[in-house]
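# A closer look at the structure
Here is what each chain is made of, one letter per residue.
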2 protein chains.
Amino acid sequence: MPSDRPQPAFVLVRPQMGENIGAAARAMWNFGLDRMRLVAPRDGWPNPKADAMASGAGRLLDEALLVADTAAAVGDCTYVLATTARARGLTKPVLSPERAMVVAAEKIAAGEKVAVLFGPERAGLENDDIARANAIINVPVNPEFASLNLGQCVLLMAYEWQRAAGQVVPERVDLAKTDWAAQVEVEALAAHYEERLEEAGFFFPEHKVESMKTNLRNMWSRMPMTRADVQTLHGVMRQMVRWKARG
Amino acid sequence: MPSDRPQPAFVLVRPQMGENIGAAARAMWNFGLDRMRLVAPRDGWPNPKADAMASGAGRLLDEALLVADTAAAVGDCTYVLATTARARGLTKPVLSPERAMVVAAEKIAAGEKVAVLFGPERAGLENDDIARANAIINVPVNPEFASLNLGQCVLLMAYEWQRAAGQVVPERVDLAKTDWAAQVEVEALAAHYEERLEEAGFFFPEHKVESMKTNLRNMWSRMPMTRADVQTLHGVMRQMVRWKARG
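Residues numbered from 1 in each chain as written. Chains lettered and ligands numbered in written order. Predicted model: local features only at pLDDT ≥ 70, side-chain atom pairs only at ≥ 80, totals over all residues. Heavy atoms only, no water.

### Considerations on the sheet that holds strand β4 (residues 79-84) of chain A
All names here are of chain A. Read from one edge to the other, the open sheet built from seven strands follows the order β3-β2-β1-β6-β4-β7-β5, with strand pairing classed as parallel. In this open sheet, the two edge strands, each paired with only one partner strand, are β3 (65-67) and β5 (94-95). Judged from the four bridges that link them, β4 and strand β7 (residues 135-138) form a sheet pairing that is parallel. Bridge pairing links leucine 81 to alanine 135 in β7. Relative to the sheet, helix α5 (residues 97-109) contacts β4, β5, β6 (114-118) and β7, its axis offset from that of β4 by approximately 165 degrees. (Pairing = 2+ DSSP bridges. Helix = DSSP H or I, 4+ residues; strand = E, 2+ residues; numbered from the N terminus. Contact = heavy atoms within 4.5 Å. Axes fitted to C-alpha atoms, helices over the stretch in contact; angles between N-to-C directions.)

### Digging into the packing of aromatic side chains
One pass over the full model with this rule turns up nine aromatic pairs over all chains. Taking 5.7 Å as the distance between ring centres and 75 degrees as the angle between the ring planes, the aromatic pair formed by phenylalanine 31 of chain A and tyrosine 159 of chain A counts as edge-to-face. You can see phenylalanine 31 of chain A sitting in the loop between α1 (18-30) and β2 (36-39) and its partner tyrosine 159 of chain A sitting in helix α7 (residues 150-165), a full 128 residues away along the chain. On the basis of relative accessibility, which here comes to 2%, the residue phenylalanine 31 of chain A falls in the buried class. Seen in terms of ring centroids, tyrosine 193 of chain B and tryptophan 220 of chain B are 4.9 Å apart; in terms of plane orientation they differ by 65 degrees. Their pairing is edge-to-face. (Phe/Tyr/Trp six-rings, centres within 6.5 Å; stacked < 30°, edge-to-face > 60°. Buried < 20%, exposed > 50% of the residue type's maximum accessible area, 1.4 Å probe, protein only.)

### Focus: the pattern of salt bridges
Counted by the stated rule, this structure contains 37 salt bridges over all chains. A salt bridge links arginine 14 of chain A to aspartate 129 of chain A, with the nearest nitrogen and oxygen atoms 2.7 Å apart. One end of the pair, arginine 14 of chain A, is in the loop between β1 (9-13) and α1; the other, aspartate 129 of chain A, is in helix α6 (residues 127-130), with 115 residues separating them in the sequence. Taking the relative accessible area as the measure of exposure, aspartate 129 of chain A reaches 5% and is therefore buried. Arginine 132 of chain A is the salt-bridge partner of glutamate 187 of chain A, the closest N and O atoms lying 2.5 Å from each other. Placement of the pair is glutamate 187 of chain A in helix α9 (residues 183-199) and arginine 132 of chain A in the loop between α6 and β7, with a sequence separation of 55 residues. Linked by salt bridges that have partners in common, Glu98, Glu160 and Arg163 of chain A together with Glu98, Glu160 and Arg163 of chain B make up one network. (Salt bridge = Lys/Arg side-chain N within 4 Å of Asp/Glu carboxyl O.)

### A look at the nonpolar core
Burial of nonpolar side chains together is a common tendency in soluble globular proteins. Counting 90 residues, the largest nonpolar core has Met36, Leu81 and Met101 of chain A together with Met36 and Leu81 of chain B as its most contacted members. Considering each element in turn, this core owes the most residues, 10 residues, to α7 of chain A. Residue contacts for methionine 101 of chain A: discarding those within four places in its chain leaves Leu81, Val116, Ile137, Met157, Glu160, Trp161 and Ala164 of chain A. Core analysis: the next-biggest nonpolar cluster, separate from the first, contains 45 residues, Met219 of chain A together with Met219, Leu233 and Val236 of chain B among them. (Core = buried A, V, L, I, M, F, W, Y, C linked by side-chain atoms within 4.5 Å.)

### Observations regarding the domain arrangement of chain A
Residues and elements named next belong to chain A. In terms of domains, chain A is made up of domain 1 (9-164) and domain 2 (183-246). Here the C-alpha centroids of domain 1 and domain 2 sit 28 Å apart. With 13 residues of domain 1 at the contact, the number on the domain 2 side is seven residues. Here domain 1 packs against domain 2, burying approximately 880 Å² in sum over the two surfaces, 44% of which is carbon and sulfur. (Domains from an automatic or database assignment. Buried area = accessible area lost by both parts, 1.4 Å probe.)

### Digging into the pairing of β4 of chain A
Residue and element names in this part refer to chain A. Of all six residues in β4, six are buried, a share of seventy percent or more. Neither face of β4 is left uncovered, since the one carrying Tyr79, Leu81 and Thr83 and the one carrying Val80, Ala82 and Thr84 both have all their residues buried. Pairing of β4 with β6, which is carried by four bridges, proceeds in the parallel orientation. The residue of β6 that forms the bridge with tyrosine 79 is valine 114.

### With respect to the confidence of the model for chain A
All names here are of chain A. Scored by pLDDT, chain A comes out at a mean of 90, with 93% of its residues at no less than 70. When the criterion is pLDDT under 50, residues 169-175 qualifies, and its contacts beyond four places in sequence or with other chains add up to three contacts. As a predicted assembly, this complex carries a pTM of 0.80 together with an ipTM value of 0.78. (pLDDT = per-residue confidence, 0-100.)

### Description of unusual backbone geometry
Here the bond from phenylalanine 204 of chain A into proline 205 of chain A is cis, since omega is -5 degrees, no more than 30 degrees from zero. Turning to its location among the elements, proline 205 of chain A is positioned in the loop between α9 and α10 (209-222). Positioned with a positive phi, arginine 14 of chain A is a non-glycine residue whose angle comes to about 45 degrees. Look at arginine 14 of chain A and you get partly exposed, because its relative accessible area is 25%. Positive phi, normally seen in glycine, also occurs at serine 55 of chain B, with a value near 35 degrees. Relative to the assigned elements, serine 55 of chain B resides in the loop between α2 (48-54) and α3 (58-62).

### Some points on empty space enclosed by the protein
With the rule as written, the count across this model stands at two cavities of 30 Å³ or more. Taken as a whole, the second largest cavity spans an internal volume of roughly 40 Å³. As for the second largest cavity, its lining consists of Met219, Trp220, Met223 and Leu233 of chain A together with Met219, Trp220, Met223, Met225 and Leu233 of chain B. Going through the elements one at a time, α10 of chain A together with α10 (209-222) of chain B are the ones with two or more residues in the lining of the second largest cavity. Residue composition of the lining of the second largest cavity, grouped by class: nine nonpolar, no polar and no charged. (1 Å grid on protein atoms, 1.4 Å probe; cavity = no way out; pocket = protein on both sides within 12 Å on 5 of 7 lines; lining within 4 Å. Points joined across faces, edges and corners; volume = space filled by probe spheres on them. Nonpolar A, V, L, I, M, F, W, Y, C, P; charged D, E, K, R; others polar.)

### Observations concerning helix α11 (residues 227-245) of chain B
Since one α-helical turn is 3.6 residues long, residues separated by three or four positions face the same way. Under the 1.5 Å per step criterion, the end-to-end length of α11 of chain B is 27 Å for 19 residues, consistent within 8% with the ideal 27 Å. All of the buried residues in α11 of chain B are Asp229, Val230, Leu233, His234, Gly235, Val236, Met237, Gln239, Met240, Val241, Trp243 and Lys244 of chain B. Elements in contact with the buried residues of α11 of chain B: α9, α10 and α11 (227-245) of chain A together with α9 (183-199) and α10 of chain B. Of the residues one or two after α11 of chain B, glycine 247 of chain B is the one with positive phi, at around 70 degrees. (Expected span 1.5 Å × (residues − 1).)

### Regarding helix α7 (residues 150-164) of chain B
Residue and element names in this part refer to chain B. End to end, α7 covers 21 Å across 15 residues, agreeing with the expected 21 Å (1.5 Å per residue, within 8%). Most of α7 is tucked away, with 14 of its 15 residues classed as buried. By the N-cap criterion, in which a side-chain oxygen at the helix start approaches the backbone nitrogen of a residue two or three places on, α7 is capped by asparagine 149, the distance to glycine 151 being 3.0 Å. Looking one or two residues past α7, glycine 166 carries a phi angle of roughly 75 degrees, positive in sign. (Polar contact = N/O pair within 3.5 Å; in protein donor to acceptor, adjacent residues only side chain to side chain.)

### Observations concerning the interface of chain A and chain B
Facing 67 residues of chain A, the contacting portion of chain B comprises 62 residues. If you sort the residues of chain A by the area they bury against chain B, Phe145, Trp243 and Lys244 of chain A come out on top, with a joint share of 13%. For the interface between chain A and chain B, the tally reads five salt bridges. The salt bridge partner of glutamate 160 of chain B is arginine 163 of chain A, with a shortest N-O separation of 3.9 Å. The interface formed by chain A and chain B holds 24 residue pairs in polar contact (both at pLDDT 80 or more) in total. Of all the secondary structure elements, the ones that give two or more residues to the side of chain A that touches chain B are α1, β5, α5, α7, α9, α10 and α11 of chain A.

See below:
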């Protein structure tokens, strides 16, 4: 059984080698984390190499949530962090590992559900994954030699989580009562706007369509929206469509 | 050539597997450390397995100082730290990794020479080694599962060194460059939406009009928007109006 200790979910996105999944489990459990989520592991699941490497942390693999895509992995989460070696000029907050885990601990203490995304070994997270994140974690490695592997990146984040979790005092009550939108609701809002704007001819010219869509999704995921905000924005779009329909 | 950056020496005491020595070199160089010392590696030196694992950090192995015992490894140092999983009731200061690297940075800045000792994989440092240390570093792992390997222990210490040495990439790099929307631009956006939504019949029923408008304005002002976001949102609304006009 997973511990009932409040904690972020660590999401391995399309991990490649079983050994690295096992090493990630060990790294997590070394610092008391035991909620792993797996997005489409390359070599299928379960994976004997992962089990062999995990040794005493094998329970995390047995209990890991296996999903088909990143959207499903973070659907119930209200705050998503993405680890990346390059900040890539995305307009999202870029946090140090320490700061990111302090923020995560504060949000969790206030009742939110937090996920941390880790990319595949070689390529790292794709822009589509990062678009779902509220903020980015950048590990400040030596620019001449940035070769952290998946297990090491998970280790540093788990280590910082444990440091942060020991320090955070629960936040003020007023924020704790805020009904933040879950990722799946933001996702639905983004899809609603995308669909209607497509219909309305917003995405133009052709060669800019993809980047326009990514920008729009990045914007939604970056906004700290309550459930009520999401409803309002749905309402705005619905009304414009109704107005159009009236001719 | 080793860098001339002031830094502690990382001393691997009687390391066993070549792979772990290579992993330690990579972990160090990831955080800009390049002064390794090796005390009597079990399988002799040089070690092809260490070279293979070190890949881009192989220079650290070529330049490592090879010595026969711990005394020789720390002979020139004025302050020695010993990593251990168990504090063993020795009468020495026990420091967290963070605190230890801050102390190391202070001493190095004051012209001292500092070494950090890492024990062999299975057994850890012997009491004889620890006796040479001024203080002990205790990594606060999960008491139910303490399985940090040599490379991971070196990684955490190198990470904390870099943080302490003040080489950490400033936070929010990207956001600092971000072109945030000015209040007057957010105001114009709010007005644009309000006007169009009024026209489209969004504000209804009558007795709720004022609170709906206030909610909408609150929402815009609460969102951390860039200039580009504001332009995007203007564009969204303009397009809906154009679409309506096409009938």
